[in-house]
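Per-entry structural report
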Amino acid sequence: MANSDLSQVENVFQAALDLPAEERAAYLAQACAGNESLYAEVCSLVSAANTHDSFIDKPILNLGFEVLTRSEEEAMIGRMIGSYKILSRLGKGGMGQVYLAADTRLDRKVALKFLSQELVNDNWAKRQLIKEGQAVAQLDHPNICSVYGIEHEGDHHFIVMQYVEGETLYQLIHRKVVENVEILDLAQQLVGAIAEAHNHGIIHRDIKPGNVMVTPSGQLKVLDFGLAKIIQRKQPADGHGESLSNLSQAGVLQGTVAYMSPEQLRGEKLDYRTDVFSIGTVLYELISGSNPHVRATHAETISAILSETPVLLNRGSNRVSHQLDITIQKCLEKDREARFQSASELLLKLKGISGNPSLHNQISRGINVQALLLLAVIALVAIAVFYFVSQSIKRPSRMVVMAITNQTGDPNLEYLANGLTDAFNNRLTGLTKVQLKSPNLTFISQHGPPDPLKVGKDLGVDAVLVGNISGNQELPVLEVDLINPSDGTTIWKSQYGVQLEKVFVIETDVAKNVVASFQRPSVDDENRIRKTRDPENVEARREYWLGLYYLRNRDTDKLDQAIEHFSKAIEIQPDFARAHAGLSDCYVYANTVAYGKLNTKDAMTRAERSAKDAIDLDPSLAEAHTSLGMVNLKYYWNWQESQAQFLKAIELRPDYYHAHYGYSALLTVLGRNEEAIREGQIAKDLDPFSPPTALNYCRTLYFARRFDNARVCFDTLVNDYPDFAAGKYVRGFAYLRDRMYPQALSIFQGMYASNKRLFGPALGYTYGAMGRTKDAEGILTELLDLYKQNQLSGQEVALVYLGLGKINEAVELLQRSAEERYAPFPFLATDPLFPELQASPQFIRLIQRYNLPLAVQ
Amino acid sequence: MTDHSSQITGLLVDWSNGDQTALDKLLPLVEQELHRLAHGYMRRENRDHTLQTTALVNEAYLKLIDQNKTRWQNRAHFFAIAATIMRRILLNYARDQHRDKRGGKAVQISLSEVSVAHFGVPDQLIALDEALTRFSLEYERQARVVELRYFGGLENDEVAEVLGVSSITVMRDWRFAKAWLLREMVNGE
């Protein structure tokens, strides 16, 4: 149709629809007179308009949102891209995601590296990629990860590579201390691979532990050849090579800098010797566990690479052969002329070295006098250190980290003190030679500021770590002391200027020194301290600490703030596992009567999701598993899953009191009372100053029907923490069980006066049980009102019915509150107070529906 | 504001001044940001998705655009971009679903299927997209109206602002477009 025809169609259509329906036919006949096609066209359109279909009236935003929020990963896994079936995600590279896929044609597993949209759009980058890909495809070496090809399928461009199963050097280094024999072997494999590439004219440019894999059988494979050039240089310069500002624009500076050579950082033209430098850095890290140039900030790291000479590997110990030490030093020469001039030269040198640091070997290789003297000096120092250490604590030790106090007078720094305490606890947990007691010290301050010596003696530990922050917001100063509680002497102390970027360094230093103070540290412990990954992002950590602070000191408003801060931390750094765990904890509390604003379902679903996110990111996070255990215990009532999660948490971190606490509650629900008591006891040992933990223990005794023990336990609890309402409340019920009605009445009447909604049910029950029917019914009426307004759970109302002996009415209400997953419900199944309820067939049916146990009569 | 904001603002201004190539550059940048923000949203309030998506695009706008340099009209243009992106994302999604399940057969619709008010089904989405593309060859502005309303969730007056026409024109365009598309989807292949 011609354009004029098109607009005619539209005009006639609009005119027709502007007319009332009965006039349309006539109008159309007249307007289209003589033009058959126009008439047909417009008529069909008008009739379509008449169907009054709402078919696209509602925007499709719902689906749009769903699709947007699907992670890239969800979108990919299980799909077929060309002839490859995507199986799982292997990781994230500088250019895009890497997935494991099955090549359906050749029936083998491959790794697909997908190129980000940015790269694909950049024609220059794409051409370069193909060129490099071709060059790398020529390489055929057992230590080089083969590139099979570059393909594209629709919008997706990807590199097909050999799939290497194993771990990266990064993971290896952080997992264990590598033996000398292994070091040499890995070094030779690595350098061999690079030498092969150099022989083919390829410079790798991006050698780092993350780019080197080791298979379970010990074979090393280098990945990602030559491709660094392409991400690093987005705009083709005039052959001047990459400059630092280009690098930062391409966003490459995050993390990769640490292995770059000085000339790379200066943007000079590169040659093979740049790879030699990077190899040196990797080998240094392989041996010592840390990169020689990394400092607290990127700027300092760059400066170190450019101008600071790395410390000799053998300083202070005899880690490797001297030959190896100086070989690596030579790789790390700032001036490339001074390095090995090629990977082949380096390889030759490595083959001539043996791994052992024995003096005999060294002398036989003609070590010079200076080095000998150096050795002698080192030996002297080593002896002195050992002597000093053995004067202090000898046997396997227990310690506690006290809450770091804020003595700056600035309340805005509270969160810092709290966060540092958490950080230290986190670094010191799970060691073999040092056992950390991490009590919840929130409640202890109710008795006044704790005395470290007293706490240390009460807990029976060998050392107490005390810290305080002074100074001001610009530069807070942290002072830490490790104290021996038996005599108050200082074992070790230190001071640090606290800069948020430096926190990780401070933590590590403190942890190392603390561990060293006890005795010769085990290699396992050294690895353990090294193993904790720094979240890397300073801002995210700060938000996380603020979240922790508000969570610890929670009330309704603070909990909201905690949620905000954790969410912020996650926004800044989405893979911050502990922030997700913190968020989950917030939500678990968010539905509690005392704190929350959300309804149970909302809060618990979010709690679950956050906990699962945390576990996805870091499966070793005991806190996250505990959260998940709690959510399943309190809401989903999936006992099996709850148990699995608690046990996992305990396995990961046996000194985490909260996991034992939760597990104890679960065991109570399941009627496994002896086990519940044991777990409750452990929780109490680990967390001796906490009323909730103590209450939990008393409850386990009560449920186990050890009523005398329980009574004593409750008495002690209420005595120690007279302001702890929950303690009095549960104790009241214990009195009821013992038919000590006057005592129960006095408790509940007092509590009722302060809050009718919370404590009415218990009082109502008591009246009922005492035969004061009128009073009971009076309360019942009040509560029924609240129940109808959705301000009270049916179970609470049911409680009064139970007191009046009206089992059937009670069960009816209980059915509903069980459906809503009212958290206290499961405890009714075995609570010694309610034998008549537990004998009711309807109730029995009800609890069986939720896999709850029958009460022991 | 992010690092990209001056770049994005510049592109947005260019595009609203008529430079079509600016749009090509804008799309991937904004899409990236939407994805990133969307993930953040799942963690927060969880009510009506429609509100969420609008809020999401709003937030992207605030983050990406330098407020001082744009006129208020550019906000509508930004939402228009979001609409295009949303359409693209949804179509990719629908095609993936379709390809995976059916192995690539052509899509055919019957009237009863089309009457479903809420288009969640991938096949229908693909059919709609194809019909819309055909429609835009003949009636470009009207097709644009559909895209902005259906994929972008813009209201009539916002659509009017983006296209530079009156609200009444938008409403008339809309009814014409609906009729055309409905007819096309029922009859055509």
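Residues numbered from 1 in each chain as written. Chains lettered and ligands numbered in written order. Predicted model: local features only at pLDDT ≥ 70, side-chain atom pairs only at ≥ 80, totals over all residues. Heavy atoms only, no water.

To continue, consider the overall build of chain B. A tally of regular secondary structure across chain B gives nine helices and zero strands. Across chain B, helices and strands are ordered from the amino to the carboxyl terminus as α-α-α-α-α-α-α-α-α. Split into buried and exposed, the 189 residues of chain B put 51% on the buried side. Across chain B, contacts joining residues at least 24 apart in sequence account for 65% of those joining residues at least 6 apart. (Helix = DSSP H or I, 4+ residues; strand = E, 2+ residues; numbered from the N terminus. Buried < 20%, exposed > 50% of the residue type's maximum accessible area, 1.4 Å probe, protein only. Contact = heavy atoms within 4.5 Å.)

Before going further, it helps to spend a moment on the overall build of chain A. Helix and strand counts for chain A come out as 41 helices and 15 strands. Taking all 857 residues of chain A together, the buried fraction comes to 52%. Once local pairs closer than 6 in sequence are excluded, the contacts in chain A between residues at least 24 apart make up 60%. Counting only carbon and sulfur atoms, one obtains 50% of the accessible surface of chain A, whose full area is about 38400 Å². (Areas by Shrake-Rupley, 256 points an atom, 1.4 Å probe, with all protein chains shown as cover.)

Enumeration over the complete set of coordinates arrives at 34 salt bridges over all chains. Here Arg 141 of chain B and Asp 173 of chain B are joined by a salt bridge, their closest N and O atoms 2.7 Å apart. Separated by 32 residues along the polypeptide, Arg 141 of chain B in helix H7 (residues 140-151) and Asp 173 of chain B in helix H9 (residues 167-187) bring together distant segments of the chain. The network of salt bridges with shared partners includes Arg 266, Glu 268, Asp 271, Arg 273, Arg 336 and Glu 337 of chain A. (Salt bridge = Lys/Arg side-chain N within 4 Å of Asp/Glu carboxyl O.)

Counting residues in hydrophobic clusters, the biggest one holds 133 residues, and the most contacted among them are Phe 424, Leu 478 and Phe 825 of chain A. Looking at this core element by element, the count peaks at eight residues for helix H24 (residues 538-552) of chain A. By size, the runner-up hydrophobic cluster in this structure holds 70 residues, among which are Val 67 of chain A together with Leu 27, Met 86 and Ala 177 of chain B. (Core = buried A, V, L, I, M, F, W, Y, C linked by side-chain atoms within 4.5 Å.)

Once that is clear, we can look at the side chain of Thr 830 of chain A. Here Thr 830 of chain A lies in the loop between helix H39 (807-819) and helix H40 (835-839). Thr 830 of chain A sits in the buried class, given a relative accessible area of 7%.

Time to look at the packing of aromatic side chains. Tallied over the full model, the rule gives 28 aromatic pairs over all chains. Residues Tyr 702 of chain A and Phe 703 of chain A carry aromatic rings whose centres are separated by 5.6 Å and whose planes lie at 80° to one another, so their mutual orientation is edge-to-face. As far as the burial class goes, Tyr 702 of chain A and Phe 703 of chain A line up, both buried. Measuring from centroid to centroid gives 5.5 Å for Phe 135 of chain B and Tyr 139 of chain B, while their planes differ by 35°, and the two rings are tilted. A network of ring pairs unites the aromatic residues Phe 13 of chain A together with Phe 135, Tyr 139, Phe 176 and Trp 180 of chain B as a single cluster. We note Arg 149 of chain B situated over the ring of Trp 174 of chain B; from NZ or CZ to the ring centre the distance is 3.9 Å. (Phe/Tyr/Trp six-rings, centres within 6.5 Å; stacked < 30°, edge-to-face > 60°. Lys NZ or Arg CZ within 6 Å of the ring centre and 35° of its normal.)

With that settled, consider the state of the cysteines. Residue and element names in this part refer to chain A. Counted under the stated rule, the structure contains one disulfide over all chains. Bridging Cys 698 to Cys 713, the disulfide has an S-S length of 2.1 Å. When the S-S torsion is -80°, as for the bridge of Cys 698 with Cys 713, the disulfide is left-handed. You can see Cys 698 sitting in helix H32 (residues 691-703) and its partner Cys 713 sitting in helix H33 (residues 707-720), a full 15 residues away along the chain. The class for Cys 713 is buried, based on a relative accessible area of 15%. (Disulfide = S-S within 2.5 Å.)

Here we come to the confidence of the model for chain B. Residue and element names in this part refer to chain B. In the predicted model, chain B carries a mean pLDDT of 72, and 62% of its residues have values of at least 70. Mean pLDDT per element in chain B: helix H5 (residues 111-114) is the minimum at 41, and H7 is the maximum at 91. Counted against residues more than four places away or in other chains, residues 43-48, with its pLDDT under 50, gives 13 contacts. The low-confidence segment residues 102-119 (pLDDT under 50) makes 36 contacts with residues lying over four places distant or belonging to another chain. (pLDDT = per-residue confidence, 0-100.)

A few words on the sheet that holds strand E7 (residues 167-168) of chain A. Residues and elements named next belong to chain A. An order of E7-E8-E9 is seen for the three strands of this open sheet, with the pairing classed as antiparallel. Strand pairing shows two members of the sheet lacking a second neighbour, E7 and strand E9 (220-222), which therefore form its edges. One ladder, built from two bridges, connects E7 with strand E8 (residues 212-214); its direction is antiparallel. Paired with Thr 168 across the bridge in E8 is Met 213. The sheet strands contacting helix H9 (residues 180-199) are E8 and E9, and the helix crosses E9 at an angle near 30°. (Pairing = 2+ DSSP bridges. Axes fitted to C-alpha atoms, helices over the stretch in contact; angles between N-to-C directions.)

All names here are of chain A. Tracing the backbone through its elements, the reader meets Ile 844 in helix H41 (residues 841-849). For Ile 844, a relative accessible area of 22% gives the class partly exposed. The sequence separation of Ile 844 and Ala 829 amounts to 15 residues, and the corresponding C-alpha distance is 8.3 Å.

Turning next to the packing of helix H3 (residues 36-50) of chain A against H9 of chain B. Between H3 of chain A and H9 of chain B, the least distance of the axes is 8 Å, while the angle of their chain directions is 100°. Between H3 of chain A and H9 of chain B, the angle is such that the two are roughly perpendicular. Packed against H3 of chain A, whose contacting residues are Glu 41, Ser 44, Leu 45, Ala 48 and Ala 49 of chain A, the element H9 of chain B presents Phe 176, Ala 179, Trp 180, Leu 182 and Arg 183 of chain B at the interface. (Parallel < 35°, antiparallel > 145°, perpendicular 65-115°, else oblique.)

So, on to H9 of chain A. Residues and elements named next belong to chain A. With 20 residues, H9 should reach 28 Å at 1.5 Å per residue; the first-to-last C-alpha distance of 28 Å fits that figure. Counting buried positions along H9 gives 15 out of 20 residues, so the element sits mostly inside the fold. Phi for Gly 201, located one or two positions after H9, is positive at around 80°. (Expected span 1.5 Å × (residues − 1).)

Residue and element names in this part refer to chain A. Checked against the element boundaries, Leu 701 lands in helix H32. Distance from Leu 701 to Arg 711, taken between C-alpha atoms, is 8.9 Å for residues 10 residues apart in sequence. The residues contacting Leu 701, other than those within four sequence positions of it, are Ile 677, Arg 706, Asn 709, Ala 710 and Cys 713.

Turning to helix H8 (residues 156-163) of chain B, a few remarks are in order. Residue and element names in this part refer to chain B. Within the sequence span of H8, burial applies to Val 159, Ala 160 and Val 162. In an axial view of H8, the angular spread of the buried residues amounts to 165°, which keeps them on one side of the axis. Gly 164 sits one or two residues past H8 and shows a positive phi near 75°. (Arc of directions from axis to C-beta.)

Residue and element names in this part refer to chain A. Viewed as axis vectors pointing N to C, helix H38 (residues 794-803) and H39 meet at an angle of 165°, and their least axial separation amounts to 8 Å. Put simply, H38 runs roughly antiparallel to H39. The handedness of the crossing between H38 and H39 comes out as left-handed. Side by side, H38 and H39 meet where Gly 794, Gln 795, Val 797, Ala 798, Tyr 801 and Leu 802 of the first sit next to Ile 807, Glu 809, Ala 810, Leu 813, Leu 814 and Ser 817 of the second. Among the residues making up the contact of H38 with H39, the classes are represented as eight nonpolar, three polar and one charged. (Left-handed = near helix turned anticlockwise from the far one by under 90°. Nonpolar A, V, L, I, M, F, W, Y, C, P; charged D, E, K, R; others polar.)

The next subject is the pairing of strand E14 (residues 476-483) of chain A. Residues and elements named next belong to chain A. In terms of burial, E14 is largely enclosed, as six of its eight residues are buried. As paired elements, strand E13 (residues 463-471) and E14 share eight bridges and run antiparallel to each other. For Val 464, the partnering residue across the bridge sits in E14 and is Ile 483. The loop that links E13 with its antiparallel partner E14 comprises four residues. In sequence, E14 turns back onto strand E15 (residues 490-497) through a hairpin of six residues, with Gly 488 there showing a positive phi of about 80°.

Attention now goes to unusual backbone geometry. Residues and elements named next belong to chain A. Residue Arg 205 is not a glycine yet carries a positive backbone phi of 75°. Its location among the elements puts Arg 205 in the loop between H9 and E8. Accessibility expressed as a relative area gives 13% for Arg 205, which makes it buried. Phi angles above zero are rare outside glycine, and Trp 637 is one such case at about 55°. Tracing the backbone shows Trp 637 in the loop between helix H28 (622-636) and helix H29 (639-652). Given a relative accessible area of 6%, Trp 637 falls into the buried group.

As a further point, take the confidence of the model for chain A. Residue-level pLDDT values for chain A average 80, and 81% of them are 70 or greater. Long-range and interchain partners of residues 233-255 of chain A, a stretch whose pLDDT sits below 50, account for 40 contacts in this model, where long-range means more than four residues apart.

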